[in-house]
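This is what each chain is made of:
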Amino acid sequence: MDFSKINWKQFAVSAVIPLAVLVFLGIWPTVGPTYQVTLFTYFLLYMVIAVSWTIFSGTTGYISLASAAFYGVGIYAAALFGEKMPLIFVIFIGGAASFILAFIVGAITLRLKGIFFAMFTFGLVLLMKEVIHYLEITVWNTRGMFVILQSNEAIYYYMMGIFVVTMIAALLIKRSKYGLALQSIGENEEAAAHTGINVTMVKILTFAVSAIFMGAAGVVMATKMTYIDPGIAFNPMMSFSPALMAIFGGMGSIYGPVIGAVLFTYIQEELTTGSLKSYYMLIFGSILVATILFLPNGLMGLVQSIWKRIKGEKRAPTRG
Amino acid sequence: MVTTPPLDPNKTEILIGASRDITGPQAGFQEYGAAPMYKMWIDEVNAAGGLSVGGKKLPIRLIEYDDASDTAACVRNIEKLCTQEHVDFLFGPTGTAMLFAAAPIANKYKTIMICGEGGATTLEPKLASMPYVFSALNYSNHFQIPMFVDLCVEKGAKTAYICYMNDLHGAEYNVAAQGQFALNGITVVEAKSIPTTIADLDPIVKEAKAANVDIFCMFAYPNQNILLMQTAIALDFNPKVLLIGPGCNFEFFNLTFGAALEGVVGEGAWNSKSSPAAAAFAEKAMAKVGLPNMDWWGGIVYYSVAEFLGKAIEKAGTLDSDTVRNVMATEKFETTLGLIWWECADGGKGGGLLPQECYDGQIGQWQSGIFEVIDNDSHNTAPFIYPKPLWPES
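This section reports on the structure supplied with the text. Just so it is clear, the structure is predicted and the values come from calculations on it, not from any experiment.

**Structural notes on helix α13 (residues 280-294) of chain A**
Residue and element names in this part refer to chain A.
Right, so step 1: The terminal C-alpha atoms of α13, which comprises 15 residues, lie 21 Å apart, in line with the 21 Å expected from a rise of 1.5 Å per residue.
Right, so step 2: Regarding α13, the residues found buried are Tyr280, Phe284, Leu288 and Thr291. Buried positions in α13, seen along its axis, are confined to an arc of 60 degrees and lie on one side of it. Within α13, the exposed residues directed more than 90 degrees away from the buried face are Leu282, Leu293 and Phe294.
Right, so step 3: Of the surrounding secondary structure, the elements contacted by the buried residues of α13 are α11 (237-249) and α12 (255-273).

**Brief notes about the pattern of salt bridges**
Right, so step 1: This model, assessed by the stated rule, comprises 14 salt bridges over all chains.
Right, so step 2: Its salt-bridge partner being Glu207 of chain B, residue Lys192 of chain B comes within 2.8 Å of it at the nearest N-O pair. Placement of the pair is Lys192 of chain B in strand β9 (residues 187-194) and Glu207 of chain B in helix α8 (residues 202-211), with a sequence separation of 15 residues.
Right, so step 3: What makes Lys192 of chain B partly exposed here is its relative accessible area of 28%.
Right, so step 4: Look at Glu207 of chain B and you get partly exposed, because its relative accessible area is 33%.
Right, so step 5: One connected set of salt bridges, linked through shared partners, spans Glu269 of chain A together with Arg76 and Lys80 of chain B.

**Some details on the packing of aromatic side chains**
All names here are of chain B.
Right, so step 1: Summed over the entire model, instances satisfying the criterion amount to 40 aromatic pairs over all chains.
Right, so step 2: Relative to Trp296, the ring of Trp270 lies with its centre 4.9 Å away and its plane at 55 degrees, an arrangement referred to as tilted. One end of the pair, Trp270, is in the loop between β12 (265-267) and α11 (276-289); the other, Trp296, is in the loop between α11 and α12 (299-316), with 26 residues separating them in the sequence. Accessibility classification places Trp270 together with Trp296 in one group, the buried group.
Right, so step 3: Every member of this aromatic cluster is reached through a ring pair, and the members are Phe29, Tyr32, Tyr221, Phe250, Phe252, Phe253 and Phe257.
Right, so step 4: A cation over a ring is seen here: Lys332 above Trp341, with NZ or CZ 4.3 Å from the ring centre.

What counts and how
Residues numbered from 1 in each chain as written. Chains lettered and ligands numbered in written order. Predicted model: local features only at pLDDT ≥ 70, side-chain atom pairs only at ≥ 80, totals over all residues. Heavy atoms only, no water. Helix = DSSP H or I, 4+ residues; strand = E, 2+ residues; numbered from the N terminus. Expected span 1.5 Å × (residues − 1). Buried < 20%, exposed > 50% of the residue type's maximum accessible area, 1.4 Å probe, protein only. Arc of directions from axis to C-beta. Contact = heavy atoms within 4.5 Å. Salt bridge = Lys/Arg side-chain N within 4 Å of Asp/Glu carboxyl O. Phe/Tyr/Trp six-rings, centres within 6.5 Å; stacked < 30°, edge-to-face > 60°. Lys NZ or Arg CZ within 6 Å of the ring centre and 35° of its normal.

This is the structure:
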């Protein structure tokens, strides 16, 4: 083997660093303090949701606000099936149910563009919430359900597993011809259609695939909440958060949403429960506004820009 | 033989955690619910130098996180309080659904939680597996609705209309009321659920008025209950029994509606006439929260269970949650409510509820500006007025 042909820098970025992060994440529950393990579970959750969101929205430019609907479907899957079967099967059910829902919704809505698509997807969250509301109140005569509790470690490792699968899926899609098709849809949808891409089917399938991971994450997180109701399951914040995290981290790269999710979650955590909790919304809002105004390509864009300047290049590409 | 773990010599204070809606739609409860009563108790304990634990005086420090009335945030807060702050005890969050979410988490980390504002009908079967959860407030089938229905049956009421908020609180009260009405031969003409954001109750009030029902029950939160009162007055809907709760039990309801509140029934109740201790407490609490924020349902209960917790800690002589929990499950202590104790599920091994005898009342009725206790037991401070008087001339 000719080692001189290996691009060691690329090898480090694409293999060594992810592997080291994975090893660290794998051993963390055995060495980390209890709360830090819990915090990392939230990191993993938001990384899954933000990366899933970016698989479709980050590439095509279609802003989906349906994340909470798919996440909520997973939560209710846990409530409905959690007592009847092992968690791993429920995760598959939650993922499959979210896929089916997203496929149906995508088939109906992905001919809509821009703000109409965003509005419709957000409407889906409210619709799901009201439908479950109605069923609980008028059919089941109750509100909310209990979910079988899992240990912190189990929740962590399941979430880590979902994260790994999500990252692999995102990378495979991005580096495939399919990803190229998505990219061209994002650049110019009509031109993409003229090149022979089945634009509608590519969009629907990607939208549905991205929903799988959100649904699966919902199943796992439900076992942490133990009690769930439509307000918890279909919380609109779970629709806005991934979009904000991706913007914060940078949508041009898969690692942007990961960094955005970690920082966003950590800042939120510190601000809501730390000494600055009274100023939480003020500070948080200011950070977001500043990011959108001054860092349109997010933190990853900033890093790339600095790196290119160090290397002496004038402008930094923001996608790739 | 079970040994009591000694108090950690490095302990200099008792930490009590709470996830509260300091902001959010239910933030008002910070002014008139459990929070000010717990804080009053903490201030008094600290003014006296703290609680005597294992021969050492320890002051109490409250660590509050804001959940903004968001249940997922509440769950996260409770988890952080237990695992990061290592609180010794917890005060519950606001609202029935929030309690349901918080209770299993507190129990998971074996941290004793005193539940405040909220009922627990659906939580009851779970209490057997939650030994660290102690639910303080009385609620629908524990024991308010059965006593309310008894009162109505005694007076000969035959029909009822139920309007309930589509959250856990409303759903629980609706189920309990429908069951009790059916058992006692009262026909429920209609049971309508409403969203928490409802802005127009005209259709519901008109329908109930057309049905000429004897009883109208409104199981919703204060905002909707204020709207109901305004609508009922405007449309001259005057059933023989008008039950409103929660909200009716707050003094601000009386200050808002004045004479129009005469004969309106609410959940709770206690007042200054309940006992000399209650009179002294009412005066003290009023100085703390102001007259408009007085809570004639839970105020005295929240304070008394906090007193109970303090006495249990002192008796245990340690902050070890298992030891304190066992004291709470087996002992009776004198408090402002009188002698109180917990009835714990699963033969004493599970979580606790206060028995009926511990409360000053279950059902209240506004009579001449006082929220009188009217349920059928020895705690009554006034007889039940039936039918409710007509609305006063404006």
